Every structure is written in structure tokens, then in C-alpha cells.
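Each chain, written out:
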Amino acid sequence: IELMDARKNAWKKEEALEERLSECREAQSQTRANYFRSMPRATSEGLRNLPGIVDREGLVRGEQYFGTVVENMTLKDPKFQTAVEVAAQNSLFHVIVD
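Residues numbered from 1 in each chain as written. Predicted model: local features only at pLDDT ≥ 70, side-chain atom pairs only at ≥ 80, totals over all residues. Heavy atoms only, no water.

Draft legend 1. Up close: the nonpolar core. Counting residues in hydrophobic clusters, the biggest one holds 7 residues: Phe36, Met39, Leu47, Leu50, Val54, Tyr65 and Phe93. In terms of residue count, the dominant contributor to this core is helix 2 (residues 41-57) (3 residues). For valine 54, the contacting residues outside a window of four places in its chain are Leu59, Arg61 and Tyr65. (Core = buried A, V, L, I, M, F, W, Y, C linked by side-chain atoms within 4.5 Å. Buried < 20%, exposed > 50% of the residue type's maximum accessible area, 1.4 Å probe, protein only. Helix = DSSP H or I, 4+ residues; strand = E, 2+ residues; numbered from the N terminus. Contact = heavy atoms within 4.5 Å.)

Draft legend 2. Structural view of a negative patch on the surface. A cluster of like negative charges, contributed by Glu14, Glu15, Glu18 and Glu19, occupies part of the molecular surface. Take glutamate 15: it is sitting in helix 1 (residues 2-37). The class of glutamate 15 is exposed, set by a relative accessible area of 56%. (Patch = residues over 30% accessible without salt bridge, like charges linked within 9 Å, V, L, I, M, F, W, Y side chains within 5 Å. Areas by Shrake-Rupley, 256 points an atom, 1.4 Å probe, with all protein chains shown as cover. Salt bridge = Lys/Arg side-chain N within 4 Å of Asp/Glu carboxyl O. Lys, Arg positive; Asp, Glu negative; His and termini not counted. Charge placed at Lys NZ, Arg CZ, Asp CG, Glu CD.)

Draft legend 3. Quick peek at unusual backbone geometry. Positioned with a positive phi, glutamine 89 is a non-glycine residue whose angle comes to about 50°. Within the secondary structure layout, glutamine 89 lies in the loop between helix 3 (81-88) and strand 2 (95-97). On the accessibility criterion, glutamine 89 (54% relative accessible area) is exposed.

Draft legend 4. Structural detail: the pattern of salt bridges. Counted under the stated rule, the structure contains 4 salt bridges. A salt bridge links glutamate 23 to arginine 20, with the nearest nitrogen and oxygen atoms 3.8 Å apart. One end of the pair is glutamate 23 and the other is arginine 20, both in helix 1 and 3 residues apart, which spans about a single turn. A residue is classified by how much of its surface remains accessible, and glutamate 23, at 40% relative accessible area, is partly exposed. We note a salt bridge from lysine 79 to aspartate 77, for which the minimum N-O separation is 3.9 Å.

Draft legend 5. Structural view of the packing of aromatic side chains. Inspection of every chain in the model, using the stated rule, returns 2 aromatic pairs. Note on tyrosine 35 and phenylalanine 93: the rings are 5.8 Å apart at their centroids and 75° apart in plane angle, and the pair reads as edge-to-face. Here tyrosine 35, found in helix 1, pairs with phenylalanine 93, found in the loop between helix 3 and strand 2; they are 58 residues apart in sequence, far enough to count as distant. With relative accessibility at 11%, the residue phenylalanine 93 sits in the buried group. Site record: aromatic cluster; members linked through ring pairs are Tyr35, Phe36 and Phe93. Positioned over the ring face of phenylalanine 36 is arginine 48, at 4.3 Å from the centre of the ring. (Phe/Tyr/Trp six-rings, centres within 6.5 Å; stacked < 30°, edge-to-face > 60°. Lys NZ or Arg CZ within 6 Å of the ring centre and 35° of its normal.)

This is the structure in C-alpha cells:
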């Protein structure tokens, strides 16, 4: 009986984790959609196609391809986020390659 209870508890935990994972994936999808809506259409299309281009050209991530400027930035103080976004504008989406 103890093993059955343990199994039921494990199933409940698994179900809760799967539900949480699903919620996180949905939030990630929504955030990504908002990210692409925040830039001009041509830029968003280019960035959507970028992973395929990097793979096709055989660029090594972390050695030849580093992502966009915004992906490589970390603000020490979040209060400057709006100022950086206004000052840099679409330059935040430039791609860093070597």
C-alpha cells in the first residue's frame, strides 16, 4: 500500500511539473512573439531566419557567431533599460560575428 501511495504521489508531482513546464513554454512563446513585435518587420524576419543561416554557413556559436547586441548585454541596473532602448533603438538587434 505504501508503494501505491508513493506511486500516486510521484504521478501527482509529475503532472504538476508537466503543467508548470507547459505554462513556462507558453510564457516563453508569448515573450518571443512580443520580442519580435518590438522591432521592424524586416529585422524580425532576419532574426527568425538567423539560426538557419548560422547552421548553413557552419558558424561556430561562441567563436564566430555571438548573437545580437541585446543578447550580449546585461544592465547592472534595470532602471536604465528604457534609456538604453531609446538611445540604441534598432542597433540592439545587430548581429555580432567574428
